[in-house]
Amino acid sequence: MALAMHVHPLDKHLRVKRLPTIFCSGCGIGIALSAMLRALDKRISEGSVNPNKVLWVSGIGCSGRAVLYLNYDVAHVLHGRAIPFAIGAVLANPELKAVVLGGDGDIAAIGGNHLIHAAKRNFDMVVVMITNFIYAMTGGQVAPTTPYGVYTTTTPAGNPEYPLNVIKLVGALNANYVARASVTTPHLIEQYFYKALAMRGFRFIEVVATCPEMFGRHIGLRDSVEMFSELKKRVVYRHRPSLEEAMIDWEKGIVIGEFVERNNPSFIELLRGVKK
Amino acid sequence: MRRAFATGNFAVAEGAMTAGLRFYAGYPITPSSEIFEYLAEELPKRGGVVVQMEDEIASINAVIGASWAGAKAMTATSGPGFSLMAEAIGLAVITETPVVIVNVMRAGPSTGAPTKTSQSDVFQARWASHGDYIVPVYAPWSVQEAYDLTIKAFNTAELLRTPVILLSDATIAHLWESLTIYDRGEVEVIERKIPKKVSDEPYPPHKPDEDLVPPMPIFGAGFKALVESLLHDEWGHYSPTNSVYHSLVKRLVDKVVKRLSYVYEQETRFCEDAEVLLVSYGSTARTVYLVIKELRKRGVRAGFLRLKTLWPLDEERIRSCCPNAKKVIVVENNIGKIYMDMSRIFRNQDVFPASVLSLELPTPSEVLEAVEPWL
């Protein structure tokens, strides 16, 4: 019994020597990552993705650390700059399939300008933004997605700002795919990422995640299971919702689904003169 | 080989293409934009990619990404844009990414005088990013040298897996001179080392060879590269310990210092009998050379040391270049920055600053006026 080898079916996608991860108990990143790896595994086994051409790029933050466990070409670069790094890599070698993974601070605050312009260009990449409503790695400061009024370590009197709805922002641009899932719906993360991998142009998936350690602590949901259950209660799935419906409100509810699906020529196709 | 009539900016673009440039990302900024515009016309014809990014931060990060995808990559900018690139220079240092960054200097601080020349960024070129490191910096004084040193910048970057700065200025950028452009095969072009084969077993991708430079596991070739901006060991694993910190930072510095004889270049004239040595570099050195010839006509035994590499400096070569000089005068178009190096290096001579703060190329009379008090 003790001699039995336990091999996880996703081990081949991981730098197993590096495990365990740094993530706190109750963190949603592991759920998101394993859902993405199941989707990638399917794409690889059906032959539609060459694992040697997959490139994972991340910036700084908890979500940024996730790529370091992946047994692929990976780059853990500057805070907010994963998108332009990946753009350079893909332009230099268009065979690369770039996946940018980051938190909402990395992607939508410090990296917000790059996000806007990559979406505007319909650039050939998948961006997965894990939204935990807080700056967790630095100790619980306010994030672009933090709900109004919430206490954080840099807004001790409550967050005076209304949060950024990144789905509406990216949806207003030229992205081919804009979807939101939650770590409480891992099958949807897997399904959306699987679909996104085979599409062209800019593909954006927001994954709403639990962070009991920082966000949960601030809003009185320090317990992992309780935090997960509370998020689950708030998540509402809609079939092909419009961008107007893309509500992300901790009090009123979080709408998940596929908001935008287009098949416009990608940036590289346009560079090469492809018009449709 | 062919002859052309070109500006310094065109020469940089041509030099980059001779060196094998395949990717350029940039953001428009005076006085560097002609490099970008010229490459936008020419590079795609040769199979390369040119892209305008949303800012200089995106440009330099795209250039670093492109280099990891196997392309020789460059960006060009001026002071304000170079300031924005500062953080990513450190990224290129710690990830050992060969990239060339051209800073066509203009007058600052801040927005300053965009169309006017300056040499005020000579220290910024060295120390723009935080942390301990050494990046090579080259400063051309002519259109031909803008071409030659661009090739040298690429070769240094590829040889040592490091970012390299080419410090041009508004004068060189817009100066028209004759230029000899070489074909591939007529000049030395160095390519980075990549691992010999894909390893099935996990391997330490940051383990250096004897030259202290690890082979570069470029993306898309099955190497499973691990590009890490955090302090990392030979496996690429984050490791905030003194032993890893010492070995990484010292290796990043030592790999450059070890090749100082390759990286460092200077030019001397009239040094055999010189009693007073004039030190200069870049566009200002053009005027200084003229002034030295004038001084020699007047009977002043003046020698000329022109730095082509502004960092790192070969202190021994500088110290011994002009053995009989009693005085050293450093002429530069800034508040006297390289003077600080020279006063440290020439320990047994009197070293004087001759700063000419001018928005134009310093004139012979301005240089003479700055130099004469120390003669």
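Every value quoted in this text rests on a predicted model; they were computed, and no experiment measured them.

## As for the overall build of chain B
- Per the secondary structure count, chain B includes 14 helices and 15 strands.
- Here chain B has a C-alpha radius of gyration of 21 Å; the compact-globule value for 375 residues is 21 Å, and the two agree.
- Projected onto the principal axes, the alpha-carbon positions of chain B cover approximately 70 × 45 × 40 Å.
- Within chain B, buried positions represent 62% of all 375 residues.
- For chain B, contacts bridging at least 24 residues in sequence account for 76% of all contacts bridging at least 6.
- Across chain B, the centroid of the 39 positively charged side chains sits 4 Å from that of the 46 negatively charged ones.

## Things to note about the environment of A:Arg18
Residue and element names in this part refer to chain A.
- In this structure, Arg 18 sits in the segment before α1 (29–45).
- Accessibility expressed as a relative area gives 15% for Arg 18, which makes it buried.
- Considering only alpha carbons, one finds Arg 18 and Leu 70, 52 residues apart in sequence, at a separation of 9.4 Å.

## Considering the state of the cysteines
Residues and elements named next belong to chain B.
- Counting across every chain of the model gives zero disulfides over all chains.
- Here Cys 321 stays free of any disulfide, with the sulfur of Cys 271 as its closest cysteine sulfur at 4.7 Å.
- According to the relative accessible area criterion, Cys 321 is buried, its value standing at 14%.

## Considerations on the sheet that holds strand β12 (residues 302–307) of chain B
Residues and elements named next belong to chain B.
- What the five strands build is an open sheet, ordered β10-β12-β11-β14-β15; its pairing is mixed. In the strand order of this sheet, the two ends are held by β10 (266–269) and β15 (350–355), each with one partner. Strand-to-strand twist in this sheet, taken as the mean axis angle between neighbours without regard to direction, amounts to 20°.
- Where strand β14 (residues 327–332) lies against β15, six bridges are found, and the strand directions are parallel. Note that in β15 the partner of Val 328 across the bridge is Val 351.
- Along the sheet, helix α11 (residues 282–297) makes contact with β10, β11 (276–281), β12 and β14, crossing β12 at roughly 170°.

## Considerations on the interface of chain A and chain B
- With 32 residues of chain A at the interface, the matching set in chain B holds 38 residues.
- Carbon and sulfur atoms supply 60% of the area buried between chain A and chain B, which totals about 2,900 Å² over both sides.
- Broken down residue by residue, the surface that chain A buries against chain B is led by A:Arg18, A:Leu78 and A:Phe85, which jointly contribute 19%.
- Where chain A packs against chain B, one counts one salt bridge.
- With a closest N to O distance of 3.0 Å, A:Arg121 and B:Glu54 form a salt bridge.
- Applying the counting rule to chain A against chain B returns 16 residue pairs in polar contact (both at pLDDT 80 or more).
- Of all the secondary-structure elements, those providing two or more residues to the side of chain A that touches chain B are β2 (73–76), α3 (82–92) and α5 (112–120) of chain A.

## What about the domain arrangement of chain B?
Residues and elements named next belong to chain B.
- Taken domain by domain, chain B comprises domain 1 (1–263) and domain 2 (267–374).
- A C-alpha centroid distance of 28 Å is found between domain 1 and domain 2.
- Listed by partner, the interface residues are 31 residues for domain 1 and 30 residues for domain 2.
- Of the roughly 2,500 Å² buried between domain 1 and domain 2 on both sides combined, carbon and sulfur atoms contribute 58%.
- On the domain 1 side of the interface with domain 2, the three residues burying the most area are Gln 119, Arg 126 and Trp 141, jointly 32% of the side's total.
- At the surface where domain 1 touches domain 2, the tally comes to five salt bridges.
- Glu 360 is the partner of Lys 116 in a salt bridge, and the nearest nitrogen-oxygen pair spans 2.7 Å.
- At four residues, helix α6 (residues 122–127) tops the list of elements feeding residues into the side of domain 1 that touches domain 2.

## Description of the pattern of salt bridges
All names here are of chain B.
- A full pass over the atoms with the stated rule returns 44 salt bridges over all chains.
- The residue Lys 72 makes a salt bridge to Glu 191 at a minimum N-O spacing of 3.4 Å. Taken together, the positions of Lys 72 in strand β4 (residues 72–77) and Glu 191 in the loop between β8 (176–181) and β9 (226–228) put the pair 119 residues apart, joining distant regions of the chain.
- Judged by relative accessible area, Glu 191 falls into the partly exposed class, the value being 49%.
- The salt bridge partner of Glu 294 is Arg 298, with a shortest N-O separation of 3.5 Å.
- On the accessibility criterion, Glu 294 (32% relative accessible area) is partly exposed.

## Concerning the packing of helix α1 (residues 8–19) of chain B against helix α2 (residues 33–42) of chain B
Residues and elements named next belong to chain B.
- In the contact formed by α1 and α2, the axes pass within 8 Å of each other and the chain directions differ by 45°. Relative to α2, the element α1 is oriented oblique. Note that α1 runs across α2; the crossing there is right-handed. Here α1 contributes Asn 9, Phe 10, Val 12, Ala 13, Glu 14 and Met 17 to the contact with α2, which in turn contributes Glu 34, Ile 35, Tyr 38, Leu 39 and Glu 42.

Calculation notes
- Residues numbered from 1 in each chain as written.
- Chains lettered and ligands numbered in written order.
- Predicted model: local features only at pLDDT ≥ 70, side-chain atom pairs only at ≥ 80, totals over all residues.
- Heavy atoms only, no water.
- Helix = DSSP H or I, 4+ residues; strand = E, 2+ residues; numbered from the N terminus.
- Rg over C-alpha atoms; globule rule 2.2 N^0.38 Å.
- Buried < 20%, exposed > 50% of the residue type's maximum accessible area, 1.4 Å probe, protein only.
- Contact = heavy atoms within 4.5 Å.
- Lys, Arg positive; Asp, Glu negative; His and termini not counted.
- Charge placed at Lys NZ, Arg CZ, Asp CG, Glu CD.
- Disulfide = S-S within 2.5 Å.
- Pairing = 2+ DSSP bridges.
- Axes fitted to C-alpha atoms, helices over the stretch in contact; angles between N-to-C directions.
- Buried area = accessible area lost by both parts, 1.4 Å probe.
- Salt bridge = Lys/Arg side-chain N within 4 Å of Asp/Glu carboxyl O.
- Polar contact = N/O pair within 3.5 Å; in protein donor to acceptor, adjacent residues only side chain to side chain.
- Domains from an automatic or database assignment.
- Parallel < 35°, antiparallel > 145°, perpendicular 65-115°, else oblique.
- Left-handed = near helix turned anticlockwise from the far one by under 90°.

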